[in-house]
Structure formats: C-alpha cells, structure tokens
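Architecture at a glance
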Amino acid sequence: MRKINAILHRDLGYFFAALIIAYALSGIALNHIDDWNPDFIITKTTVDLEQSYERKTLNDDIIRQFSSRAGEDSFRLYDFPSDRQVKIYYKDATLLVDIENATGVYEKISRRPLFYQVNVLHRNSVDWWKWASDIFAVMLIIITVTGAIMVRGKHGFSGRGKWLATAGLVPPLAALVLQNMH
C-alpha cells in the first residue's frame with residue numbers, strides 16, 4: 001500500500017506540475033489586480049497634430065492622417081464623443097483626439113504574455129474548464145493526503161508533520177477571524 005501511495009503521489013505531482021504553477025502564477029496576479037492589470041498591457045502615447053480642426057471639416061482622409069501620426073495604417077471606424085473630440089478605433093487601440101487643442105491620446109492594448117492565458121483558466125472563462133478545475137482540485141487533495149502519509153516516524157505526519165499542518169492552519173484562520181472583526 002505504501003508503494004502505491006508513493007507512486008500515486010509522485011505521478012499525480014508530475015502530471016499536474018504545470019497546472020499547479022499556472023494556478024500559482026494566476027493567483028499571484030489576481031491577488032494584485034488593484035496594483036496592475038494582470039491580463040493586459042495598456043500603453044498610452046501623446047500624439048501632437050499640426051493644427052487644430054473643426055468637427056465639420058473632418059473626413060476619412062484627415063482621420064487617416066491622425067492615424068498615421070499614431071503609427072496606424074488604417075482605422076476601423078470613428079465617432080465624436082463631443083464636439084471637440086473624435087475617437088478613432090483600431091484593432092487593439094484607440095486614438096482620442098482633441099481637435100481644438102490639436103493633441104490626442106493613443107491607447108494600445110495587448111495581452112500580457114503567459115498571465116492572460118493562465119488567468120483565463122483560473123477564472124474558468126472557458127465553459128467546460130470548471131469541470132477540469134474541479135478534477136484538479138480533487139487531485140490536489142489526493143496529492144496532499146498521499147504526501148502527508150508518505151513519510152513515517154518523527155519526520156512523518158505523526159511526528160513533526162502534525163505540528164506543521166496545525167501551524168499551516170493559523171494564517172487562514174487568522175485571516176477569517178480578522179475579516180469577521182470588521
């Protein structure tokens with residue numbers, strides 16, 4: 001039985017290693033969502049135009065000129081949020097131009113490599129992934145239990161393991177107690 005336990009623990013650990021790392025990275029990113037955007041990189045650049053414009057004078061050719069100043073070859077569409085602004089839309093970017101002040105803000109969005117993909121999994125954004133995630137959670141429980149009973153004696157669970165496991169309960173219990181005090 002001990003041999004089967006060790007094999008199960010080892011093989012499940014290897015099989016789920018990549019997913020454990022993915023969920024850990026995503027967890028760190030999502031914990032700090034107020035500090036940075038874990039999914040997207042958003043860059044803003046100021047664009048200066050040669051002159052000011054009136055709304056009625058704007059046409060596709062002028063919009064192309066604005067786009068060129070932002071480094072874009074073509075635009076999808078544009079609209080007017082106000083009489084003094086035109087907003088131009090691109091594939092993964094926008095340019096908001098203040099036509100009276102002859103300035104614009106070009107905003108480009110791109111997926112943050114690796115973090116975007118692992119966050120999709122962690123948030124269960126893929127419909128069927130919640131079942132894979134549930135299976136993964138059960139496997140983590142099995143990996144934990146098989147690891148806890150793997151070693152015997154003073155280094156095993158009946159020795160120092162029970163004290164370490166008990167100490168491991170302190171941070172989450174303290175967090176819950178502190179949360180309930182507010």
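To be clear, the structure that these remarks concern was listed above.
This write-up is about the structure you can find in this document. (Residues numbered from 1 in each chain as written. Predicted model: local features only at pLDDT ≥ 70, side-chain atom pairs only at ≥ 80, totals over all residues. Heavy atoms only, no water.)

This paragraph deals with the overall build of the protein chain. Assigned secondary structure in the protein chain consists of five helices and five strands. Secondary structure of the protein chain in N-to-C order comes out as α-β-α-β-β-β-β-α-α-α. Relative to the globule expectation of 16 Å for 182 residues, the C-alpha radius of gyration of the protein chain, 27 Å, shows a markedly less compact shape. The dimensions of the protein chain, computed from C-alpha atoms along their principal axes, are 85 × 40 × 25 Å. The proportion of buried residues among the 182 residues of the protein chain is 26%. When contacts within the protein chain are restricted to residue pairs at least 6 apart in sequence, long-range pairs at least 24 apart make up 54% of them. Element-wise, carbon and sulfur atoms account for 60% of the exposed surface of the protein chain, whose accessible area totals about 12800 Å². Across the protein chain, the centroid of the 21 positively charged side chains sits 19 Å from that of the 19 negatively charged ones. (Helix = DSSP H or I, 4+ residues; strand = E, 2+ residues; numbered from the N terminus. Rg over C-alpha atoms; globule rule 2.2 N^0.38 Å. Buried < 20%, exposed > 50% of the residue type's maximum accessible area, 1.4 Å probe, protein only. Contact = heavy atoms within 4.5 Å. Areas by Shrake-Rupley, 256 points an atom, 1.4 Å probe, with all protein chains shown as cover. Lys, Arg positive; Asp, Glu negative; His and termini not counted. Charge placed at Lys NZ, Arg CZ, Asp CG, Glu CD.)

With phi around 60 degrees, Ala102 is a residue other than glycine that occupies positive phi space. On the secondary structure map, Ala102 appears in the loop between strand S4 (93-98) and strand S5 (103-111). A positive phi angle, close to 70 degrees, is found at Leu114, a residue other than glycine. On the secondary structure map, Leu114 appears in the loop between S5 and helix H3 (115-122).

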